[in-house]
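Architecture at a glance
Chain by chain, the residues:
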Amino acid sequence: GMFVDNNAPVAWRGPMLHRAIEQFLTDVYWGALDYLLVDLPPGTGDIAISLGQLLPGAKSLVVTTPQAAAATVAVRSGAIGLQTGGEILGVVENMAYLETGEGRMEIFGSGGGAAIAEVLQEQSGKPVEVLAAIPIDQALRIGSDEGSPAVLASNPGPAAREILALAQKISEIPRGLIGKPLGLKPV
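All of the points below concern the structure found in this document.

Cut-offs applied
- Residues numbered from 1 in each chain as written.
- Predicted model: local features only at pLDDT ≥ 70, side-chain atom pairs only at ≥ 80, totals over all residues.
- Heavy atoms only, no water.
- Helix = DSSP H or I, 4+ residues; strand = E, 2+ residues; numbered from the N terminus.
- Buried < 20%, exposed > 50% of the residue type's maximum accessible area, 1.4 Å probe, protein only.
- Contact = heavy atoms within 4.5 Å.
- Areas by Shrake-Rupley, 256 points an atom, 1.4 Å probe, with all protein chains shown as cover.
- Axes fitted to C-alpha atoms, helices over the stretch in contact; angles between N-to-C directions.
- Parallel < 35°, antiparallel > 145°, perpendicular 65-115°, else oblique.
- Left-handed = near helix turned anticlockwise from the far one by under 90°.
- Nonpolar A, V, L, I, M, F, W, Y, C, P; charged D, E, K, R; others polar.
- Pairing = 2+ DSSP bridges.
- Expected span 1.5 Å × (residues − 1).

Here we take up the overall build of the protein. When you go through the protein residue by residue, the secondary structure sums to six helices and five strands. Counting from the amino terminus, the protein carries its helices and strands in the arrangement α-α-β-α-β-β-β-α-β-α-α. Taken over the C-alpha atoms alone, the protein extends approximately 60 × 45 × 35 Å along its principal axes. The buried share of the protein, reckoned over its 187 residues, is 26%. Nonlocal contacts in the protein, meaning residues at least 24 apart in sequence, comprise 71% of its contacts between residues at least 6 apart. Counting only carbon and sulfur atoms, one obtains 57% of the accessible surface of the protein, whose full area is about 12700 Å².

Laid out in structure tokens, this is it:
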């Protein structure tokens, strides 16, 4: 949004994208981050490859919807992270269900997140869990459109509660200390 006016498309090829991401990661002062979340389009394009090269120890949070077509693309997205030296943090199933007065309606089917976790676990040789199943929630959509995070609402809806639970789970996943300052001073 800061590069172009009026929502104009940005027609950048791989080398320009790579340089922009490299500059974003190296020239921005981030301070002491616990996490840097980068929302990528689905697939295995230039951006995913560049991030894998520039952040070789990164962990991917693979987001999908329940249907099989989305699962296929999500597996490829997770696999590209593995091929570039990263790990899989977990899987999130978005639009997993719609809560109705009569129970849950699985509009887009079910099981896509679990299927992806199973395939990525086989490919990585490490446990991969479905960390969240986020329901369809009108409050989440409205908050997103207004630029008001649903998780900050005074009465969070079902999607916001699931996102907060996901954030809690991620914060509890052990992280290595390699390359991280410990704040210790030698005596």
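Along the chain, Ile88 turns up in strand β2 (residues 87–93). Of the residues examined, Ile88 reaches a relative accessible area of 10% and is grouped as buried. A sequence separation of 30 residues divides Ile88 from Ala58, and the C-alpha atoms of the two residues are 8.5 Å apart. Beyond its immediate chain neighbours, meaning those up to four positions away, Ile88 contacts Ser60, Val62, Gly78, Leu82, Leu120 and Val128.

At a closest axis distance of 9 Å, the pairing of helix α1 (residues 14–27) and helix α2 (residues 46–54) adopts a crossing angle of 40°. Here α2 runs oblique to α1, going by the angle between their axes. Where α1 crosses over α2, the two elements pack in a sense that is right-handed. Residues Gly14, Leu17, His18, Ile21, Glu22 and Leu25 of α1 pack against Asp46, Ile47, Ser50, Leu51, Gln53 and Leu54 of α2. The residue makeup of the contact of α1 with α2, split by class, is six nonpolar, four polar and two charged.

Turning next to the sheet that holds β2. Pairing is parallel across the open sheet formed by three strands, whose spatial order is β1-β2-β5. In the strand order of this sheet, the two ends are held by β1 (59–64) and β5 (130–133), each with one partner. Strand after strand, the sheet turns through a mean of 20° between neighbouring axes, direction not considered. As judged from the six bridges shared by β1 and β2, these two strands associate in the parallel manner. Across the sheet, Leu61 pairs through a bridge with Gly90, a residue of β2. The strands that helix α3 (residues 68–83) touches are β1 and β2; relative to β1, the one it contacts most, it runs at about 175°.

For Thr64, the location among the structural elements is in strand β1. Apart from residues lying up to four places away in sequence, Thr64 is in contact with Ala70, Ala71, Ala74, Val91, Val92, Glu93, Asn94, Gly113 and Ile116.

On to α3. Between the first and last C-alpha of α3 there are 23 Å, a value that for 16 residues agrees with the 22 Å anticipated at 1.5 Å per step. Considered for burial, the residues of α3 that qualify are Ala71, Ala74, Val75, Ser77, Gly78, Ala79, Ile80 and Gly81. Structurally, α3 contributes buried residues whose contacts are with α2, β1, β2 and α4 (112–124). Looking at the residues trailing α3, positive phi occurs at Gly85, about 95°.

Geometry only, nothing functional implied.
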